[in-house]
Amino acid sequence: MSAHQTTDAATAAWQDAAARDLMSLGGRLALLTRGEGSHVWDADGTRYLDFLGGIAVNSLGHAHPVFVEAVSRQAATLAHVSNYFATPQQLELAARLKELAGTGERGRVFLANSGTEANETAIKLARLHAAKTGRQDAVIASLHGAFHGRSTGALALTPKAAYQDPFRPLLPGVTHIEPTLEALEELFAGGEQVAALVVEPIQGEAGVLPLPEGYLRRARELTTAHGALLILDEVQTGMGRTGHWFAFQAEGVAPDAITLAKGIAAGFPLGAVVTFGDASDLFYPGTHNSTFGGNPLASAVANAVIQEIQDRDLLANVTARGAQLRAAVEGMPLVAGTRGSGLLIGIALTAPVAAEVRATAHARGLIVNAPTDDAIRIAPAYTIGDAEVAEFTSTFAAALEEVASRHAAATTEGNPA
Ligand SMILES: *Cc1c(COP(=O)(O)O)cnc(C)c1O
């Protein structure tokens, strides 16, 4: 049997196992077995440059010594206790998040396990706010193009038919508006009471789409004027991804709450809600909690990750490498332009060939993703240097050239001579 046949048989075996044992939810592109820095290896030993970073999660790359040490040390000390108890790791993380977010004394932190769970907590925060202000019927508003998670509450805030329709009826009391300044004005000009506006500073799953210029400032003015909470879903944009600790800090607005997850513990599951000002007084004993949320293991990893980002000044690297990557990509074949901030980058294509670009890059040993038909997203580790930028640039350009020439050939063949 040739090496190729062995590989084919091994691939068929794990794909069969996945089909037999895992729920059929798609996405089995390779069987990954190891990672180091910005590279991962599959079971055949093929090496990939990982520029998706577990969807904006692996902020320190793979198997980073700081991550490994934090997990190992805390696992060997105290991993879980229940929320009847506090731990030093949890208290340290809450204080760090308040400090980074600039909440001042009146900030409060809830620790959860995922972005979805953080957003569920934010929905309950909005309901408590509505009840406190005597407006039980007030709606929670979110934006078209948004992604806030897949649980039934977070899904209600995620207005995409393919995600929502099989699961109706969804959480009531939710309304959706277009991500425009006009729609924002209309929402508050109408008679409807609004409990909260939930927005992502950059819509990651929609293809890394920024909000219109001035959107968050106007959203802050209108929510304040109408007694609504401004809740920012920074699950993807937070924890340094955009070159700021949080994307709202670049806009000079102070939200009532932010939700976090993805990069917060660089690959260890953890979510968080940070509240500001009066919103910090809404929850009280008995209204919310989580068995695993805030466990000392996840908290210790987040503390170590935050410390490493600070010690190495990685936010400066995020900003510089982001600019470098965007400049490198502009002018490549099929590229219409770039969007995003720091190391959350959307690459707009001139044709709806994102799936083909993604697959071609994968075949050439580069992991990126295609959140929409005509956009590629990259979200590499904050630790990338010249070598990773150079490898990405040459591989991605080659993948784009391959796709472009395939389409040019198809067009020529299709043309009668
Ligand atoms: C990924 C994501 C979520 C969901 O987070 P999970 O950890 O997958 O539950 C929510 N909001 C945004 C903006 C996200 O990018």
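Look above for the structure.
Only a predicted model underlies this, so the values are computations on that prediction, with no experimental measurement involved. (Residues numbered from 1 in each chain as written. Predicted model: local features only at pLDDT ≥ 70, side-chain atom pairs only at ≥ 80, totals over all residues. Heavy atoms only, no water.)

**Q** Provide a residue-level description of the site of the ligand, including the pertinent values.
**A** Surveying the vicinity of the ligand reveals the residues Ser114, Gly115, Thr116, Asn119, Phe147, His148, Glu200, Asp233, Val235, Gln236 and Lys262. Measuring from a nitrogen atom of the ligand, one finds a side-chain N or O atom of Asp233 at 2.7 Å. For the ligand, the protein covers 81% of the area, taking 380 Å² as the surface of the free molecule. If one sorts the elements of the shell around the ligand by residue count, helix H5 (residues 115-132) sits on top with three residues. (Near = heavy atom within 4 Å. Polar contact = N/O pair within 3.5 Å; in protein donor to acceptor, adjacent residues only side chain to side chain. Areas by Shrake-Rupley, 256 points an atom, 1.4 Å probe, with all protein chains shown as cover. Helix = DSSP H or I, 4+ residues; strand = E, 2+ residues; numbered from the N terminus.)

**Q** Kindly report on the layout of surface pockets, identifying the contributing residues and their values.
**A** Any empty space left between the atoms is revealed when a probe the size of a water molecule rolls over them. The computed volume of the second largest pocket comes to approximately 750 Å³. Val109, Phe110, Leu111, His288 and Asn289 are the residues nearest the centre of the second largest pocket, which is lined by 34 residues in total. Contributing elements (two or more residues each) for the lining of the second largest pocket: helix H4 (88-101), strand E4 (108-112), H5 and strand E12 (271-275). Of all the elements, E4 adds the most residues to the lining of the second largest pocket, at four residues. (1 Å grid on protein atoms, 1.4 Å probe; cavity = no way out; pocket = protein on both sides within 12 Å on 5 of 7 lines; lining within 4 Å. Points joined across faces, edges and corners; volume = space filled by probe spheres on them.)

**Q** Lay out the packing of helix H3 (residues 65-75) against helix H10 (residues 296-311) in plain terms, naming residues and giving numbers.
**A** Between H3 and H10, whose axes approach to 9 Å, the crossing angle comes to 150°. Taken together, the axes of H3 and H10 lie roughly antiparallel to each other. Note on packing geometry: the crossing formed by H3 with H10 is right-handed. When H3 is examined against H10, the residues Val66, Phe67, Ala70, Val71, Gln74 and Ala75 are found in contact with a partner set consisting of Pro296, Leu297, Ala300, Val301, Ala304 and Glu308. Class assignment for the residues of the contact of H3 with H10 results in ten nonpolar, one polar and one charged. (Axes fitted to C-alpha atoms, helices over the stretch in contact; angles between N-to-C directions. Parallel < 35°, antiparallel > 145°, perpendicular 65-115°, else oblique. Left-handed = near helix turned anticlockwise from the far one by under 90°. Contact = heavy atoms within 4.5 Å. Nonpolar A, V, L, I, M, F, W, Y, C, P; charged D, E, K, R; others polar.)

**Q** Quick one: what's the story with H4, residue by residue and with numbers?
**A** An α-helix turns once per 3.6 residues; consequently, residues spaced three or four apart project the same way. In a regular helix each residue adds 1.5 Å, so 14 residues correspond to 20 Å; H4 covers 20 Å between its end C-alpha atoms and thus fits that length. Of the positions making up H4, those classed as buried are Gln89, Leu93, Ala94, Arg96, Leu97, Lys98, Leu100 and Ala101. As for H4, its buried residues are in contact with H3, E4, strand E11 (257-260), E12 and H10. Backbone geometry just after H4 places Gly102 at a positive phi near 70°. (Expected span 1.5 Å × (residues − 1). Buried < 20%, exposed > 50% of the residue type's maximum accessible area, 1.4 Å probe, protein only.)

**Q** Let's hear about the sheet that holds strand E7 (residues 194-199): which residues, and what values?
**A** Across the sheet, which stays open at both edges, the seven strands sit in the order E4-E12-E11-E10-E7-E5-E6 with mixed pairing between neighbours. The sheet terminates laterally at E4 and strand E6 (174-177), the two strands that pair on one side only. Across the sheet, the mean angle separating the axes of adjacent strands is 20° when strand polarity is ignored. Summarising the sheet, E7 and strand E10 (residues 229-233) pair through four bridges and their orientation is parallel. Paired with Ala196 across the bridge in E10 is Leu229. (Pairing = 2+ DSSP bridges.)

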